[in-house]
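Descriptive structure summary
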Amino acid sequence: MSAWVTKEVMRWGCLCSRRSLWQQSNLMGKKSPKYTSFPSQQLARIWGTKHHQTCLESNRVSSVRFYSKGTIHSEVLEEKEPLSSPLAKYSLPDENQSEKTAPKETQWTISLMNRLKSCGSPSDVLELTSEHAPTFKQISSCLCQIWFSTKKMPADNQRYELQLMFEHPGFNVLLQQAMTSVGRMGNGDIAYSLLSMVNLGVPQSSRVIQTFLRSCQENLNDFDEKSLSILASCMLHLEPSNNTDALKDGLRMVVEARLPDIKNVQALQNMMRMLGKDATMGLKRKFEEKALSMSNDFNLLDSQHIITAMATMKLHSKPLLGICSKIIQENINGIPFNPLFETLQSYRLLQYKDLKLLTDLSEHAASMIDIWTKRQVVLFLYVCERLAFCPAALMEAFAGKVIENPKALSLKDLLCVVKVYSTLNYDLQHRRQQFLDSLIPALVSYMPKMSSFELLKVVYHLCLLGHFPSALLEPLLQSSTLEKFKFTDPNYVPNQERMFQTVNLCLHLEHPAFPQPLTVPPTVMGAPALDSRAVIPELLQCLQSMMEDQANTTLQERVLLLGFYFIDGVITKPLPSETDSGSAESRPRIAVLFPAHSSFCFGTSHPRGILALKMRHLKTLGYDPVWVTEQELQSTPEEKRTDFLRGRIFPELRSQAEVEKLNLNTNQESQTV
């Protein structure tokens, strides 16, 4: 009984003590770090000022057993190597052991390594370590194998196995052994052990994690490139704390000092991700130069990792993106969905758009329509929409899948599909009505699960498509539903009011047939948002010059139509046989629009949802909408801008050469869309 009590007291003292860890100096193998990589002044600034931060505060010491916070990271260990990687060197006995005990310990070490490889779950590893206590060299291998055996499991199995692991008495024993042995571990073992424990969900405020963080600080200058890479990968999952912040500061200096000597691309991208967007612009440029110097050796995996690291760091380097994207294009058929989606997400974050690359990616996605899940296709479409790119072949193919079985999509996916097709203004032509009609019953079946705001969004996007289902509009405009919008977060009210204004305008102008009249109450529309934009000076000057030789033609600048649509200029033309009694409303009117380049699908002249709706409504109101982008105007020589604008607004005045050129450009753009 007394022996058991003594053991429990020692265990709880190790895990739960409220006293400062660093009052017990015998827990660490080294009393002070030896810094050899930096000038002494730099070290004094980093380590001297941070010393008070690295000591553990009592409130950061866990007062309970090790437990899982429910956060299990999917990050694999460095290089994604099998178990043999961190264990191979452990087949030799301790150099300090006596010759008498060496053969026996060597035999046990080999036996443990072989048996460890066959462990298929955390419990298997813990049963093995309960039979024979691992040496300080084997602890890292045991922790790595626990994580390796867990990360490949399905989510449900993983949660169950991790629960068993935390309840297993051997896990606490293993963590105690890790903490007391950290001073004798090699730097690679320290880094691997820390990464494994963090990935497994060991509380970061626990004493064992904080002990390893402090040990990393003390030995940081002795870490080799691979150990630094492992540590950098681990830092991505660490929450802010005194020890974490101090270690990150030191790691930043070490990485910057050793950056010219880095040889491994995986190590480079791990360090880029670890430093992230907080890195200085100067350091980001150093990473860019280093990556470019290594680019000749990039393979497909390297290219993907560098792009995701650049997105994490918010480093937009066109040369580096171009090199990596070319490699991805050449190997597009060999990329599984998850890394392909992650790469596409990185392009979105970096706002990098390459028409040939995106076209190839979308064509590949269309060829995978029967292999990918519907969820994967929707995710791909979502990122394309965020890039303002219309993957026409994929959207055409996926529309057929939706028509076949729309209820196979979840509510979230259905809402995303409606948004994508409306925002990109994709016209399914003869299948359009069939596609829309198939969506409505599925959406109606999900209505009990929809929030009022989700209902508003889906009605809004259907209105952009020119579709007005009463089964959705009537519930939206019921007083009980409208009452809920009074409690909207003030930050979202402007967007909410804009959507209601759009729905109201569509009902007013397009007159859809309903069993009973439907109107949007003014209380949810708010005040009209007046557009305060000024007409672009170059456009105004060209319009005025163009009007000088147009008899009986008038120009109005900055016209606000229906309190909603802003028009840069309205040109009213004379009737062929106009008399003085002719009214202005009966004369042909041209609405000159100067939309942002982002109002079109990338690489085309195909208008996106909002602009497409505006042009549709202008035609309903009797206007002939004509648009000119700033890019077009700026790319035209100044002396030719007036003629260019005249040919765009008055097509009857175009020369035959201009007509042929315009037709050629239109055909090319329609093929792209």
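Description of the structure in this document. (Residues numbered from 1 in each chain as written. Predicted model: local features only at pLDDT ≥ 70, side-chain atom pairs only at ≥ 80, totals over all residues. Heavy atoms only, no water.)

What follows is about the overall build of the protein. Within the protein, the regular secondary structure consists of 31 helices and four strands. Buried residues in the protein amount to 51% of all 673 residues. Long-range pairs, those at least 24 residues apart, make up 74% of the contacts in the protein between residues at least 6 apart in sequence. On the protein, roughly 32400 Å² of surface is accessible, and the fraction owed to carbon and sulfur atoms is 52%. (Helix = DSSP H or I, 4+ residues; strand = E, 2+ residues; numbered from the N terminus. Buried < 20%, exposed > 50% of the residue type's maximum accessible area, 1.4 Å probe, protein only. Contact = heavy atoms within 4.5 Å. Areas by Shrake-Rupley, 256 points an atom, 1.4 Å probe, with all protein chains shown as cover.)

Looking at where Gln496 falls in the secondary structure, it is placed in helix α26 (residues 493–510). A relative accessible area of 4% places Gln496 in the buried class. Not counting the four nearest positions on each side in its chain, Gln496 is found in contact with Phe453, Leu456, Phe485 and Thr488.

Taking 1.5 Å per residue, 13 residues should reach 18 Å; helix α23 (residues 452–464) reaches 19 Å between its end C-alpha atoms and fits that length. Of all 13 residues in α23, 10 are buried; the element is thus mostly enclosed. For α23, the set of buried residues is Ser452, Leu455, Leu456, Val458, Val459, Tyr460, His461, Leu462, Cys463 and Leu464. Where α23 is buried, its residues touch α21 (411–423), α22 (432–445), α24 (470–476), α25 (479–484), α26 and α28 (609–620). Looking one or two residues beyond α23, the residue adopting positive phi is Gly466, at roughly 75°. (Expected span 1.5 Å × (residues − 1).)

The buried fraction of strand β2 (residues 565–572) amounts to eight of the eight residues, a majority that puts the element mostly inside the structure. Bridge count for strand β1 (residues 554–561) against β2 is seven bridges, and the pairing is antiparallel. Counterpart to Leu560 in the pairing with β2 is Phe566. The antiparallel pairing of β1 with β2 creates a hairpin that spans three residues between the two strands, and Leu562 there sits at a positive phi of about 60°. The pairing of β2 with strand β3 (residues 589–593) spans four bridges and is antiparallel. In the sheet register, Val570 faces β3, and the bridge partner there is Ala591. (Pairing = 2+ DSSP bridges.)

A few words on the packing of helix α8 (residues 169–181) against helix α10 (residues 207–219). Packed helices, taken two at a time, are described by the angle between their axes plus the distance between the axes. Packing of α8 against α10 leaves a shortest axis separation of 9 Å and a crossing angle of 25°. One element, α8, and the other, α10, form an angle in the roughly parallel class. The way α8 lies across α10 gives a crossing that is left-handed. Of α10, the residues touching α8 (which contributes Leu175, Ala178 and Met179) are Arg207, Val208, Thr211 and Phe212. A breakdown of the residues in the contact of α8 with α10 according to their chemical character gives five nonpolar, one polar and one charged. (Axes fitted to C-alpha atoms, helices over the stretch in contact; angles between N-to-C directions. Parallel < 35°, antiparallel > 145°, perpendicular 65-115°, else oblique. Left-handed = near helix turned anticlockwise from the far one by under 90°. Nonpolar A, V, L, I, M, F, W, Y, C, P; charged D, E, K, R; others polar.)

A sheet is described by the order of its strands in space; here four strands give the open sequence β1-β2-β3-β4, paired in mixed fashion. Since the sheet does not close on itself, it has two edges, and those belong to β1 and β4 (623–627), each with one partner. Ignoring which end each strand starts from, the neighbouring axes of this sheet average 30° apart. Helix-sheet contacts for helix α27 (residues 537–547) involve β1, β2 and β3, and the interaxial angle to β1 is about 140°.

The next thing to look at is the pattern of salt bridges. For the structure shown, the criterion picks out 16 salt bridges. The closest approach of N and O atoms between Glu256 and Lys286, which form a salt bridge, is 3.1 Å. With a gap of 30 residues between them, Glu256 in helix α12 (residues 242–258) and Lys286 in helix α14 (residues 281–294) connect regions that are remote in the sequence. Residue Lys286 is classed as partly exposed on the basis of its relative accessible area, which comes to 39%. A salt bridge links Arg375 to Asp413; the nearest nitrogen and oxygen atoms lie 2.3 Å apart. Highlighted residues: Arg375 in helix α19 (residues 374–386) and Asp413 in helix α21, separated in sequence by 38 residues. A residue is classified by how much of its surface remains accessible, and Arg375, at 33% relative accessible area, is partly exposed. (Salt bridge = Lys/Arg side-chain N within 4 Å of Asp/Glu carboxyl O.)

What follows concerns α10. The periodicity of an α-helix, 3.6 residues per turn, causes residues three or four positions apart to be oriented the same way. Helix length check: α10, at 13 residues, gives a terminal C-alpha distance of 18 Å against a target of 18 Å (1.5 Å per residue), a fit within 8%. Along α10, 13 of the 13 residues are buried, which leaves the element largely enclosed by surrounding structure.

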